[in-house]
Structure formats: C-alpha cells, structure tokens
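Chains, contacts and geometry: an overview
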Amino acid sequence: MDKDINIKVKVWRQNGPKEKGRFETYELKNISQGSSFLEMLDILNEQLVNDGKIPVAFDHDCREGICGMCSLYINGHPHGPDGEITTCQLHMRSFDEGDTITIEPWRSAGFPIIKDLVVDRTAFEKIMQAGGYVSVNTGGIPDANAIPIPRDKAELAMDAAACIGCGACVAACKNGSAMLFVAAKVSQLALLPQGKPEAARRAKSMVAKMDELGFGNCTNIGACEVECPKNISISNIARLNREFLKAKLKD
Amino acid sequence: MKKIDSKVPKGPLAEKWTNYKNSQKLVNPANKRRLDVIVVGTGLAGASAAATLGELGFNVLNFCIQDSPRRAHSIAAQGGINAAKNYPNDGDSVYRLFYDTIKGGDYRAREANVYRLAEVSNSIIDQCVAQGVPFAREYGGLLANRSFGGSQVSRTFYARGQTGQQLLLGAYSALCRAINRKQVKLYTRYEMLDLVMIDGRARGIIARNLVTGKLERFAAHAVVIATGGYGNAFFLSTNAMTSNGSAAWQCYKKGAWFGNPCMAQIHPTCIPVHGEFQSKLTLMSESLRNDGRIWVPKKMEDAEAIRAGKLKPTQIKEEDRDYYLERRYPAFGNLVPRDVASRAAKERCDAGYGVEPSGLGVYLDFSEAIERLGKEVVEERYGNLFQMYEKIVDHNPYETPMMIYPAIHYTMGGLWVDYELMTNIPGLFAIGEANFSDHGANRLGASALMQGLADGYFILPYTIQNYLADQISVKRFSTDLPEFEQAEKELSDRVNRLMSIQGKHSVDSIHKKLGHVMWELVGMTRDEKGLKEAIVKLKEVKEDFWTNVRIPGKRDDFNMELEKALRLADFIEIGELMAHDALDREESCGGHFRIEHQTEEGDTLRHDDKFAYVSIWEYRGEDKAPVMYKETLEYEFVVREQRNYKS
Amino acid sequence: MSWLIKSSIGRKVIQSISGLFLILFLLFHMSMNVVLIFSHETYDFLANEILGANWWAIVGTLIIGLGVGVHIIYAIILTLQNWKARGRDRYASKSKTPVAWSSKNMFVLGVFIALFLIVHMYQMWYQMQFKDLFGMEGVRHDGAQLVVDVLSQTWVLIAYVVAFIALWFHLNHGFWSALHSVGWNNDIWMKRLKRLGYFVSTLIVLGFIVVAIAVHFGYSNLLA
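Residues numbered from 1 in each chain as written. Chains lettered and ligands numbered in written order. Predicted model: local features only at pLDDT ≥ 70, side-chain atom pairs only at ≥ 80, totals over all residues. Heavy atoms only, no water.

**Some thoughts on the sheet that holds strand β8 (residues 215-219) of chain B**
Residues and elements named next belong to chain B. Cut-off, in case you're wondering: Any two strands between which DSSP finds at least two bridges are classified as paired. The helix and strand labels rest on DSSP assignments: H or I over at least four residues marks a helix, E over at least two residues marks a strand, and numbering proceeds from the N terminus. With axes taken as lines fitted to C-alpha atoms, and helix axes fitted only over the stretch in contact, angles between N-to-C directions fall between 0 and 180 degrees. Should any heavy atoms of two residues lie within 4.5 Å, those residues are counted as being in contact.
Judged by pairing direction, the sheet is antiparallel, and its three strands sit side by side in the order β6-β7-β8 without closing on themselves. The open sheet is flanked by β6 (190-198) and β8, the only strands paired with a single partner. The mean inter-strand angle of the sheet, taken between neighbouring strand axes irrespective of direction, is 30°. Direction of pairing for strand β7 (residues 201-209) relative to β8: antiparallel, over a ladder of five bridges. The residue of β8 that forms the bridge with Ile-205 is Phe-218. Running over the sheet, helix α14 (residues 482-501) touches β6, β7 and β8 and is turned about 135° from β6.

Right, dumping it as structure tokens:
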C-alpha cells in the first residue's frame, strides 16, 4: 500500500554551463508514494517558489515514458532504481521513509550541462543528421506491401527502433560511449530492406560523427543495456560493429 | 460580415483534390531557393512539412520547443494510423474512410477536406514504410491491421503500442536528412511567442531562445504553425507538459481566425486521477478496447464496497457486471467513438457506480481476452501498455481489471484554415492539430496521425506553392524592419510586466485553478448556467494570474517558470474563448455535449438547421468581446444522420 | 586502412584481434606448461630445440611481443580517451548499475597482469631466450629446472596464482568482448560466447594454476 513519506533530496544545482555547481539538500514532507518522481520534484519546486527561491531546472515533457526528455541520475542509476522505465515513470514507492535521494544530471563530455539537471544532448541530433535515415523524398513511393519483410526481421527492427534517445546509455557508461544509441538506429535500418542500400554509408558516417563529438570507445561493459528504459540489447552494438567493418573492408 | 472563402474546389468529391493540383500555381526550382518558410513545431505535421518543403528546395527554418524534434508529443500516440488500403479485404475504401471520419466527427467537418484526407491516407503508409518505419507484419511479411473505435473495418496500421513514436521518428529522420543537406535549419529549445505581419501578410516570428532567454527575430515569406493543440488549458490532460496553445493564440491575437474552439476531445481510456499532486494524465491506448471489456458493477452496494476497498473486482460475478457499452451500443460495443465511450463512463460514475476510491473510474477488463487468446497473445499486443499501467498504479492488469476514466486528449478546434490550409492571414498556414482540422466535433482514433502526416507530407507542400508563386519577386526581409522592432518591443513589455508582478502564487497553482474551472464547467458535459459561471470564474482566474503570479529568476535566462507563465496567460484566454463558443453552440455534437440538448437515451442531439457551421472567432482587442462568423457547412455528398452505433 | 586507428570501432578491432591472438598464445603456453608435469626432458627439448634461439622462435617471440605491445598501448589509448569522454565532473553517487565486475576493470586487471609479466619475463624468458640471443653469461638451457627453482619459492607461487586469477577475470570478459567487437555476436550467440569465454578462460587459468601448484609441491616430471 502506498503511504506518505518524509524524504531528503540532494540535488545538483548549477547556474550555467560555465559556472561551478554544488549540491543542495532539501527536505520534503508527506510525499505520497503514489506520486511520480517528477511530481515530487514539482512539489519541491512549488516549495522553492513559495520560499522565494529559484526552482530546480530539469528536463521533462510527455511524462509517460516515450519522449525521452527526462534525464536524471538518481541514486547511482540513470532513470532511478526501478528497471525498464524512464525517470517520469519512476514512482515514489521505490523509496522509503527517511531516504536521502541524490539527483544528478547526466554526466558525459558529450552532454554539457545547461542548467541544474538539464543537459545539452545536441550531440545526438548531430549523429542522427549524419546518417540516421533512409534517403527517400516525399512521394513517388511504391506500395507499402510491395516489399514483404519477414516478421521476425520487422520485430527485431522494432526492438531497435524503440530507442527514445534519452541518453541513459551514455549516462550509464563508464566510457561515455554513445554506441548503444548509434547501434539502435543503424540496426533498425540495416535490418530492413528499405535501409539496406545505404547501410554501409550510414554506419560509417554515424560512427565518424559519434567519434568526432568526443564520445568514448565501447568496451562492452553492458551498463547501457541494463539501464536502457526500452531494453535495447547490446547485440545491436555487435551488429553495428559488423556493419561498420563490412563497410570499411569493402572500401 | 466578412466573406468567408473556404476555397473548396468545384467538381465531384473524388476529383476535387486532383483538379486542384492540376490547376494550382507552382514555384520553379530556382525560385524556391529564394523563398524562406518558417515552420513552427516538429511533431508529425511540422517535421513532415519541414522535411518535404526542404526537399522541394525551399529554404526552411524549423523551430522546436524541446531539445530535439523527436520529443514532440506526437511521439506519445500509441494505437495506430488509419489508411484506406483495404489490405484485409474487409470492404474498406477511400469513401468509407471519408464517411466514417465525417460521421465520427458528427458532421461538423468540411466534406472536401475530409475526402482529401482519406485520399492521401494510403500514400502516408507507403511513405512511412519507405522510411523504415517498422510496422507490425503478418508471418507472410505483409502489413498487419487492427480495428479502432468508430469503424467496422480493420484499417489501422500500427507498430506495437508505439505507432506515434515510429511515425514521428520516420518524419524526424527525413528532417535530419534535410538538415544534413542544408535544406532545413533547425532551431531547438526555441519557442515562438509572436507573429510578425508586414502589410497584412505573415512575414516572420519572434521566438524566445529558451536557453539564453533572449527574444530573437526571424523573417520569412510564409509562416506555418504546427504547434499542436491547447488541451493543457485543462491543466490535467494527456498532453505533454510543454504542449501549449500560445503560438496559435498569438496568431489569433494578430487577426487569425480561431475555428470551433469549444471542440475538445475527451479520451475514454486514461488512468484516473490519484491525488492533488497529479501533474498529467496518462493515456491507455484505444486499441485496448479491441480486446478489453468495459464494465462497472450492476449493484450499487457492490460499487460502494469496491470504493471502500472491501471488495475486489474479480469477486464480482459475471451476472453482476454491467458491460454498459455493449448493453447500450450492441453494434459497436466497446468500440464506439471516443466521445460516446467517455460520456457513457461519466454517466455511470455520476449515477454512483464508479469504482475508483474517488468514484471516478470504470473497469477495463482483459480476463475474457486472456482466456480466449492466452496471456502470451495479450502480452504481445498490449504488453508495453500493461507494463506502463502497472508502473503507475501498482496493479497487475493481467490479474485485476484496469481502472480508467476519461481525460482531455485532443482539441479539434484551432486556427481556422481554408482548403489550402491557409488561415485568413495571407501567408500564415496551420497544419496538424493546430488547425481546426478535419475531425469536426470529434476525432476518431488513429486519425490524428493520419491528418498530421497528410497535412505535412502531401497537402501543405502543394498548397503553399499556390501562395508562394506570387511571392517570388519579394526579396528576403530584414529583421530590422519597424514591424519586427515593434513586435519585439510589445512582447518584451509583456514579459517585463509578468516578471514585475512578483506575487504570491506559483504558475502551477494558478494553472490548477484554471484546470479545475475548465474541467468542471467546460469539460465533458456543459450547460448554459455552468458556462456562464465559467466565464465569470475565468475572469477571476485571469485577474488572479495578472496580480498574484510569482516568477522567480531572471527573464534573460533559462527560466522554466517564465516559460510556463507565458503559456498560462494564453491558456486562460483560450479557456474563455472555449467557454464562449460552447455557450454559443446550443446543440450537442461530438465532443461538445450540452446537457440541454440530448436524446432520450442520453446521446448527442444536433441541430443541423441552426448549427451546421464552423464557428469562427475574430479577436477585436483586449477587453473587447470577440466577434463570431459562421462558415456554413454545405453537405453535397453525405446525408447528415443521427449518429448510430447501436445497430 | 587508417580507419583502424582513427575510428573508435577500428581501435576496438585492434584491441580485440590482439587480445584474441594473445588468448591463442596463452593456450599454447598453457599446453607447454602441462608438458612439464609429465616430462622435464620433453619440456627442455621443446624449449631448446623446437623453440630456443631459432629464427622461427625469434619471429614468434617478436610477434607475441608486438601483440602484447599493441594490446597495452591501445589499452592505454582507449582508457585515456574514455576517461576524457566521461567529462570533467563526475557522479557523486557511486554507480549501482549491476554489471560484471571484470568488464569495468579490464584496465586495472591488465595493469596487474602487465606487472606480473615483467617479473615473469625476467624470471623465465630473460634467463633463457634473451640471454641466449645476446650471448650473455648464465644462459639457462634447463628450462624445466628453472621453472622448478623459481616456483619452489612460496611468495612466487602466491604471486603467480593471484596473477592467474586476475588473468581469469580479464579473459572472462575479454574473450566474448573481443568477438563482440569484431561483430561476431547476436542475442543467441551472446550466451554461447559468454559460456565459451568462461570455458576458455577457466581452461587456460586452471592449466596454469595446476601446473604452478604441482611444480611447487614437487609433482612434476612424473613420467621420468
């Protein structure tokens, strides 16, 4: 049964990208365990506003686990201690009376901090722009059923396509590597016949962009896979390696 | 009265769009490069439009409120997208999709627009498949379909419970490609706050850089609004936290007409409200109604015992359950349109049969489906939704029925547009949920994705050329022009005024008050007394906001409270217009239900003789009542009937 | 082929191939050690006549040396890059993500193994092949006896066993990880490769440990 709990939150506060940050600890009383983690932060912010203080900036939008906007590192886990969910789906029933919860932004050279818990994930945009697409213009397309796709292939592609681009993989990675993110997109499109013609080009340019942006080298630790809210498998990373090597060896 | 020209082409219904395309003006490639188009929003409509216009050769500036186009709330659409492919061979056709959509909208949409929508629906599926959208497939490798509310055929294409996500990622990938090819310039974490007009035409916008807090000016030959709906006027809705009506509202204040503002859709299957701290409502896909059965207890004492926690739903015997949708609407059963399902739930709960501790909930039960199909099949179809439900409510829907209740989901109303998707302001276009759209008084499930992509991929890229063809000799605008200067100054003054209030209440606390008034008085059911009361109360909320709001921090900084305040200021005014429009429309149709106007069985009662029109509202200035015009909806091809989902 | 050096995946491939090659060498080395248990004479024959200072043995040694060198250099490069990629500010809370301990500590394990290698090379290879090559004094041609001498010291045995355990952890992650990095993996093979890696690393390390302990307690040259 959900009850009301009293907690402390230790939150990273940083005024701007170049400013020095620090932790601030706040007390919260009578938080319902039925409320979501972000609703708890809403209550904190309401409290801060009422006290004439600056509320904590954090990214959030859909609050139903699909937009990938929320991005908090909670008690040593990206998206908190509960599995297979985003921060917005985390509920306070994962915490107990008297807990101190440490909340930090994603930390990676690829994701500089904008303010407090908000980070800049433009790097993901740049990687996507480097080749995360099938080069078709609008219109002049053959019928959708013209190319049958085996169901298991479509399902595998869908598994990879479920990525929400939140960046938890990078946040979890000791190496600050973005391989799972890149692998998910490369895999989705490499598995489908529509993506095949430019699979080689895509793998090369997305990896090159990822490297250029300063993400780390993958050492197959697998923390990304564990923390991924959408269960993207690191098998996709093997597929990316394969696609990349195939592409390079053909050159 | 002003002349309202919907610009619907002449000719037979099925030929209108073809005829239009054959005779419209086009812009040659060399000239396209010289024409700038601003697209505000990166959801299905915005991203698809920006990408397509970029591919065509226009110079596109695309604005995104989040850090990535992939975050737009289209991503949250779960169930699917309609198309008249007739792959299952169950009798579907373009006409039938058109007819179902018109009927679902309670005959308050434009025939020609809806027919065009149905016509291009098939191309959308082709386009998405080519982009690599992993739609569900049969073992034979061909695309799978499922059925949705308001239709008797299976025409809905889907990608698990994440169809919106996959379609948006498709459009987003097209946009990424266009950005890479320098056809589109993307501005992320920017919010449009004002429209700039030069000589009566839309020529640019003022947007706030949400990271620096600075106001910036952007000029173009045309402006496209694709910023979604205004459902967050209700505070609690299924919309995302940043979903807002401000871009559209600021256009309205610059003279753009607002169509059917009172038409808001209430989605029947959302997770019920569970406390004061609730920040938003979570939708459970309509597709669940394919296999889930909706019921409440037949006996009042059972309902009371359940609410008190003394009885479990699984303990209620089959004969003591009231499957009220199946009882009232035998032909469509649990798959009646959303407005019908929502009101039926409210009717049962108001009568005292609700099941949540609050009394505001009904059951959506899968036990029969699990028995019939097996747990694996149910898990395959709805696993992610069940998981989502369990994370929020902490109940396992495989074992105990889900509890659901209606919530605000979508707004059919929006900026008025003609057949070309242009508002009454030349050069200002509105697409997707932001326009008053093709859904009339009620949108059918899986039609929003269809409309957003139809507008963005296949309609606007044509119709905008008919306007831009006349603009080829117009040089690029400088943002130093006095019109930009003045627009920025006015906006800046408004921001300063907000910052200087320094009252006692947070933005959210006032937003909750607004939401309460809206939900109670302008919500699922409305009546004259309540609407009049709402108008008075909304004035009070407005007063409260402009005297008591407290916005901490600086204006030229990353300031989320200021962002919210700017949006709330507009939501209050949108709420007022919704109430006025709802009061004015003395009939019930689709999502607009006036208690005074219902059939004996409690269904919507339209008055086609008096209200077969789109209400168009024009802004006349602060403290002046807006004026309403009527665009009469002439039905040439369809006969209006009482919607019947019973037989 | 500059992509091998310039791209992250290329660098990983270098690390993987060199690692896989070293695993093969370890298998060979372990087999060689096992001979010691049965016959010192055979062992010395293999060490002096088949390997010794013959050109193929020298080439082989150089290749292995190259493998070790590349593996170490790339480990350093990758680790430095990854350290930098992590950003200036670090998490205050310790990561609670449940992952295999060895996977996060490959570099530490590697450093430990490298330190052990220095001792080991001095004790064995320097005394035998190196001195032989450069015509230095005190070349040992009685390899088997050398091993017995060295391992008879208790501290050496303990150090060797500890190093072997570190090696086990290193190989346990290294084996499947290397194959993963060259693209040979998927959902089905993941389990198989991990199991195979477990088997290979256990086989190698068990071989080393059994021989070391046996030699220490005098159980070698059993067939003589």
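Structure's up, so let's keep going.
**What about the sheet that holds strand β13 (residues 321-322) of chain B?**
All names here are of chain B. Read across the sheet, five strands follow the order β11-β15-β14-β12-β13 without closing on themselves; strand pairing throughout is antiparallel. Looking along the sheet, the strands with just one partner apiece sit at the ends: β11 (264-270) and β13. Summarising the sheet, strand β12 (residues 293-297) and β13 pair through two bridges and their orientation is antiparallel. Bridging across to β13, Val-296 finds its partner in Asp-322.

**Structural notes on the packing of helix α7 (residues 246-253) of chain B against helix α17 (residues 560-584) of chain B**
All names here are of chain B. What counts here: Each helix crossing is assigned a hand: it is left-handed if the near helix lies turned anticlockwise from the far helix by less than a right angle, otherwise right-handed if that turn is clockwise.
For the pair α7 and α17, the least separation of the axes is 9 Å and the interaxial angle reads 65°. When you trace α7 past α17, the crossing you get is left-handed. Packed against α7, whose contacting residues are Ser-246, Trp-249, Gln-250, Tyr-252 and Lys-253, the element α17 presents Leu-566, Arg-567, Asp-570, Glu-573, Ile-574 and Leu-577 at the interface.

**Notes on the interface of chain A and chain C**
We count it as follows: For this document, the term salt bridge refers to a Lys or Arg side-chain nitrogen within 4 Å of an Asp or Glu carboxyl oxygen. In this count, Pro and Cys sit with the nonpolar residues alongside Ala, Val, Leu, Ile, Met, Phe, Trp and Tyr, while Asp, Glu, Lys and Arg are called charged and the others, Gly among them, polar.
The interface of chain A with chain C comprises 50 residues on the first partner and 40 residues on the second. Inspection of the region where chain A meets chain C yields zero salt bridges. Elements with a contribution of two residues or more to the side of chain A that touches chain C: β4 (77-78), β5 (100-105), α4 (168-172), α6 (199-212), α7 (223-227) and α8 (235-250) of chain A. If you tally residues by element for the side of chain A that touches chain C, the top one is α8(A), at 10 residues. Of the residues contributing to the side of chain A that touches chain C, the split by class is 26 nonpolar, 17 polar and seven charged.

**Considerations on the packing of aromatic side chains**
Where two aromatic rings form a pair, the distance of their centres and the angle of their planes describe that pair. All names here are of chain C. Here is the rule we go by: In summary, the pairing rule links any two rings of Phe, Tyr or Trp, Trp by its six-membered ring, whose centres are within 6.5 Å, and it sorts them by plane angle into stacked for under 30 degrees, edge-to-face for over 60 and tilted for everything else. Each residue is assigned to one of three classes by its accessible area relative to the maximum for its type, calculated with a 1.4 Å probe on protein chains only: buried under 20%, partly exposed between the two thresholds, exposed over 50%.
What the rule picks out here adds up to 54 aromatic pairs over all chains. Summarising the aromatic geometry, the rings of Tyr-160 and Phe-164 are spaced 6.0 Å apart at their centres and angled 85° between planes, so their arrangement reads as edge-to-face. A residue pair is termed a helical-turn pair when its members lie 3 or 4 positions apart in one helix, as Tyr-160 and Phe-164 do in helix α9 (residues 154-181) at four residues. Note on Phe-164: relative accessible area 8%, which makes it buried.

**Looking at the arrangement of the chains**
Comparison of the two pairs of chains in contact shows the highest number of contacts for chains A and B. With respect to C-alpha atoms, chain B approaches chain C no nearer than 19 Å, and the pair has no contact.

**With respect to the domain arrangement of chain B**
All names here are of chain B. Rules: Boundary definitions for the domains trace back to an automatic or database domain assignment.
In terms of domain boundaries, chain B breaks down into domain 1 (267-407) and domain 2 (482-612). Taken over C-alpha atoms, the centre of domain 1 sits 30 Å from the centre of domain 2. Contacts between the two partners involve 11 residues from domain 1, matched on the other side by 11 residues from domain 2. Scanning the region where domain 1 abuts domain 2 turns up one salt bridge. As a salt-bridge pair, Arg-328 and Asp-603 come within 3.7 Å of each other at their nearest N and O atoms.

**Focus: the environment of B:Thr52**
Quick note on the threshold: The definition of a polar contact used here is a pair of N or O atoms within 3.5 Å, where within protein one atom must be able to donate a hydrogen and the other to accept one, and adjacent residues in sequence count solely through side-chain atom pairs.
By secondary structure assignment, the location of B:Thr52 is in helix α3 (residues 44-56). Spatially, the C-alpha atom of B:Thr52 lies 42 Å from that of B:Lys646, the residues being 594 residues apart in sequence. With residues near it in sequence (within four places) discarded, B:Thr52 still touches A:Thr138, B:Gly456, B:Tyr457 and B:Pro461. Separated by 2.8 Å, the side chains of B:Thr52 and A:Thr138 make a polar contact.

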